[in-house]
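# Architecture at a glance
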Amino acid sequence: MADPLTDAEARFGALQSYQVTLRSTHGVGVQEVIRYFYRKPGWVRMEFEQPHRGAMLVYAPDTRRVRLWPFGLGHWPALDLAPDHPLLHNPHGHRVDRSDVGVLLGNMLALRQRGSMSPPDTAEWAGRPATALDITGPPGGGAGAVQRYRVWLARDTLFPLRVDSFAANAGLLESVDMGDAQIDVRFPERFFTP
């Protein structure tokens with residue numbers, strides 16, 4: 001595997017869908033648990049476990065709108081919002097319409113292009129063989145607030161199992177565990193249009 005990051009982006013380009021439980025911890029200790037579902041060309045469904053247990057949202061790429069059920073599907077109110085609405089941003093400003101793994105891999109490739117990447121290291125994450133990489137941007141030239149990524153890619157699928165992002169001061173911004181990812185999942189017909 002000469003270039004696992006470029007290969008990971010190519011593998012993402014070939015998949016049709018995935019689902020994963022995102023378990024993230026922000027640098028200040030805030031924890032989130034979100035069941036995340038993705039289908040090309042950009043459908044996203046997020047079911048919140050922590051915080052905001054029961055909340056659900058769906059992003060539709062054809063309308064570029066987000067349907068949010070703050071108290072769960074079928075409970076009033078149901079809000080129709082633009083993806084850049086402040087209610088939909090996490091503490092790092094991530095947007096639902098730019099939340100998939102393809103965007104993450106693109107950010108890593110852009111950071112590496114301006115900076116550097118460590119040689120691949122053999123590792124393990126969530127009981128799976130993995131390839132660990134460190135991607136560092138040039139001084140003062142990170143990807144937004146991110147100056148460095150540490151990523152563990154599953155050796156068989158090259159899908160990220162864990163991603164840590166760091167600020168220019170080397171402080172941890174966010175750590176995201178994606179160890180239970182399933183690729184090319186067949187979703188029910190109305191899964192993204194409940």
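Located above this text is the structure these notes cover.
Heads up: these notes are all about the structure in this document.

Reading the values: rules and limits
Residues numbered from 1 in each chain as written. Predicted model: local features only at pLDDT ≥ 70, side-chain atom pairs only at ≥ 80, totals over all residues. Heavy atoms only, no water. Helix = DSSP H or I, 4+ residues; strand = E, 2+ residues; numbered from the N terminus. Core = buried A, V, L, I, M, F, W, Y, C linked by side-chain atoms within 4.5 Å. Buried < 20%, exposed > 50% of the residue type's maximum accessible area, 1.4 Å probe, protein only. Contact = heavy atoms within 4.5 Å. Pairing = 2+ DSSP bridges. Salt bridge = Lys/Arg side-chain N within 4 Å of Asp/Glu carboxyl O.

### A closer look at unusual backbone geometry
Phi is mostly negative for residues that are not glycine, and the peptide bonds are mostly trans. Looking along the chain, the bond that leaves K40 and enters P41 is cis, with omega of 15 degrees. Within the secondary structure, P41 is located in the loop between β2 (31-39) and β3 (43-50). Here the amide bond leading from Q50 into P51 is cis, since omega sits at -15 degrees, within 30 degrees of zero. Note that P51 resides in the loop between β3 and β4 (56-60). Even without glycine at this site, D184 takes up a positive phi of about 55 degrees. On the secondary structure map, D184 appears in the segment after β13 (182-183).

### Here we look at the nonpolar core
Formed by 41 residues in total, the largest nonpolar core has its most connected members in Y18 and M108. With six residues, helix α2 (residues 101-114) is the single largest residue contributor to this core. With residues near it in sequence (within four places) discarded, Y18 still touches F12, Y36, F37, Y38, D100, V101, F159, Q182, I183, D184, V185 and F187. Judged by nonpolar contacts, the second largest core, of ten residues, contains A60, W69, V185 and F187.

### Some thoughts on the pairing of strand β10 (residues 148-154)
Most of β10 is tucked away: six of the seven residues are buried. In the sheet, β10 pairs with strand β11 (residues 160-166) via six bridges, with the strands oriented antiparallel. Looking across to β11, one finds that R150 is bridged to D164. Remark: five residues form the turn of the hairpin made by β10 and β11, two consecutive strands paired antiparallel; L158 in that turn has positive phi of roughly 65 degrees.

### Comments concerning the pattern of salt bridges
Inspection of every chain in the model, using the stated rule, returns ten salt bridges. For the salt bridge of E49 with R53, the shortest nitrogen-to-oxygen distance reads 2.8 Å. For E49, a relative accessible area of 30% puts it in the partly exposed group. Look at R53 and you get exposed, because its relative accessible area is 63%. A salt bridge links R150 to D134; the shortest N-O distance between them is 3.0 Å. Taken as a pair, R150 in strand β10 and D134 in strand β9 (residues 128-136) lie far apart in primary sequence, 16 residues in all. One exposure class covers both R150 and D134, and it is buried.

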